[in-house]
Each structure stands twice: as structure tokens, then as C-alpha cells.
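Chain by chain, the residues run as shown.
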Amino acid sequence: MTPFTGYYPRQSTIKALLEGCFERTTPLSGGDTNLVSSHNAFTDYCLALLMCCTGHRPVDDPFAELSQFDLERGLLLICETRAWRVVALSDLAMAQMNVYLKYLQHLSECLQSRDSSRELGLRISRLSGSKADMPLFFYLNENRPDSYIPISSAALSSEWSAFWRLPINFLRHVMATQLLRTSGRPDLVQLQLGHTDGVDYPLGSRSTVSVLLAAGVIRKHLDSYMRESGWRVMDAPSLELQKAFSPSFGKSAVTTEPLFGHRKREEKRKRDHAKSKALVKMLVSDHLARFQRIDADGAHRL
């Protein structure tokens, strides 16, 4: 296709991303290595699909909390920088999320059946409630079965390097280009990207646009382009229990306040701001110290 703006990847490039995730999600044979690789590949596919649908930037802990999803009305709250925005979810994305959430229940039981990963299984069981202490999307750690690897832009680039060599953020451009092509409406693209020309967010409290009506129109076009591109609902990997057991759902205590998702990014911004402030203060003080103080007569002579 001819892009509306700038460089646009070939269809074969986008297809390689889909097929790369599919090929890595292999049937399990009961081994820990297959469990880790299949989970991570399935996670990659779900994240790639969601990013191509929502235009989400590749930040640390993307789509971190289930409470940000409204799967009944097809809406999602996103906070990648400082401001929140609401975007539409395609029918395909909603269906894939429902598969992922059911998979997490089975994954929790599977990990709890293994002595080495029981605690992680308990933490995953809490993701569906209000006491989640880890992000909704994560990688399993082959070397430490009791812990997870947080999703980051660097981690995604590493996992996708064999079949996607463009910047991860390019999926945002893919979504914008395809939504403009199928709808012919730049205003819908702006809404889905979260762009604003004025002070107020276009779908904020003072908006005259109905969020549900706008999202409904966007959803139709998103679903059309995603199915045309080859996206489809991927079945979750099959899991095997190692032993018979009675699962415990969220019974272990949360010992520390969890910090992930937008809260973690906000704390990082505060730390970076404090470091920058201290550096600027030091540079200014050092610069001023080079000048001698002068009295009134000296100032008059100058």
C-alpha cells in the first residue's frame, strides 16, 4: 500500500511479526524451558496486537493493570507519560484479552503445582483482583522460576529481534496509517493517538464528543484493518500440572506496596527531576562563584 505519511513497512514485514510470535508458541511437553518460551511468545503476540490496536508506546510495564480495561464497552485507559487518555479496543483485541485472562488462571494453577514457582503462581492469581502486586503482562524467568521479568522497551526489542527490526514504537505509526486509510478521518486518528491541539484533552470532561460513539466508530475501522493485516485471536498455550493440588487464590500476604506501571514511571520521573535540579543548582553556584562580589561604588563604575 502507499503510505499517507513517511516510511511504512511492507506487508511482509508486519506478517513476519505475526508469524514470529506464532511459531515460537509451541505445544508444551512439560518442561520448564517450553513453559517459559511459550508463555513469553504468547505474551509478545498479545502485546503486539494491543499496540497495533491502541497506539500504545513501548514503555515499562505497558497495559499494567486489569482495572484500566473495560472489556464490556471496548475501552482502555492509558498513561504512558503524565496524562491519561482513553482509546478504543477492537473486537479482536477484546477477544484476545479474554483468552489471555483465562490463560492467566491456568498459568497460576500450573505454577502453584510446582514447588519452585508456587509463590509466583499466587501472585498471578491476584492479578484479577484489586490487590495485584505485579503487572498484568510479564515474562517468565527461566533461571528463576519464582520471579518474573518486567516488560520494557529493551526487553521487547530483544525478544522480537529475530522477526522485527524496526523500533517498537513504529507500531504506533502502523495503527495511525491504517486507521486513516480505512476511515479517511484524521480526527479519529488524533483521538486514538491521544493528540491534543489545545489545553483540554479531546475526550475530557469538557468534550462535546461522546466517548462511546467515537470509540464505536474507531473500533469498526480498527477491526477491519487488523483482520485484513492477518491478526487473529491466538489460542493460549496448553499447560500441564505437575501434581494434584488445591489452588490458593491470593492467600499469601503482600509484604510491600507494589510499584509498577504508571506509578513506577512517575517515581522515575521524580527521581530524574531531582537529579536534574541538583545538577543545575550545582552548575549555577559554580558559575556565580567565579565572579567577585562588588560594592555600590564598583557597580556605579561598571
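To be clear, the structure that these remarks concern was listed above.
Residues numbered from 1 in each chain as written. Predicted model: local features only at pLDDT ≥ 70, side-chain atom pairs only at ≥ 80, totals over all residues. Heavy atoms only, no water.

Looking only at helices and strands, the protein features 10 helices and five strands. Buried positions account for 43% of the 302 residues belonging to the protein. Total accessible area on the protein is roughly 16500 Å²; 53% of this is exposed by carbon and sulfur atoms. (Helix = DSSP H or I, 4+ residues; strand = E, 2+ residues; numbered from the N terminus. Buried < 20%, exposed > 50% of the residue type's maximum accessible area, 1.4 Å probe, protein only. Areas by Shrake-Rupley, 256 points an atom, 1.4 Å probe, with all protein chains shown as cover.)

Counted under the stated rule, the structure contains 10 salt bridges. Salt-bridge contacts for Asp133 lead to Arg126; the nearest nitrogen and oxygen are separated by 3.0 Å. The burial state of Asp133 is the same as that of Arg126; both residues are buried. A salt bridge links Asp146 to Arg144; its shortest N-O distance comes to 3.9 Å. With a relative accessible area of 48%, Arg144 lands in the partly exposed category. Bridged by salt links that share partners, the residues Arg57, Glu80 and Arg85 form one connected network. (Salt bridge = Lys/Arg side-chain N within 4 Å of Asp/Glu carboxyl O.)

Turning to helix H7 (residues 186-193), a few remarks are in order. Among all positions of H7, only Leu188, Val189, Leu191, Gln192 and Leu193 are buried. Just past H7, the residue Gly194 takes up positive phi, approximately 80°.

Turning our eyes to something else, we now look at the packing of aromatic side chains. The tally for this structure, following the rule as stated, stands at nine aromatic pairs. The interplanar angle of 35° and the centroid separation of 6.3 Å between the aromatic rings of Phe63 and Phe69 together place this pair among those described as tilted. Residue classification places Phe63 among the buried positions, given a relative accessible area of 3%. On the basis of an interplanar angle of 15° and a centroid distance of 4.4 Å, the ring pair of Tyr100 and Phe137 is categorised as stacked. On the criterion of sequence distance, the pair formed by Tyr100 in helix H3 (residues 91-112) and Phe137 in the loop between helix H4 (118-125) and strand E4 (138-140) is long-range, its members being 37 residues apart. Put simply, the rings of Phe42, Phe63, Phe69, Tyr100, Tyr103 and Phe137 touch in pairs and so form one group of aromatic residues. The positively charged end of Arg232 is found above the aromatic ring belonging to Phe22, 4.0 Å away from the centroid. (Phe/Tyr/Trp six-rings, centres within 6.5 Å; stacked < 30°, edge-to-face > 60°. Lys NZ or Arg CZ within 6 Å of the ring centre and 35° of its normal.)

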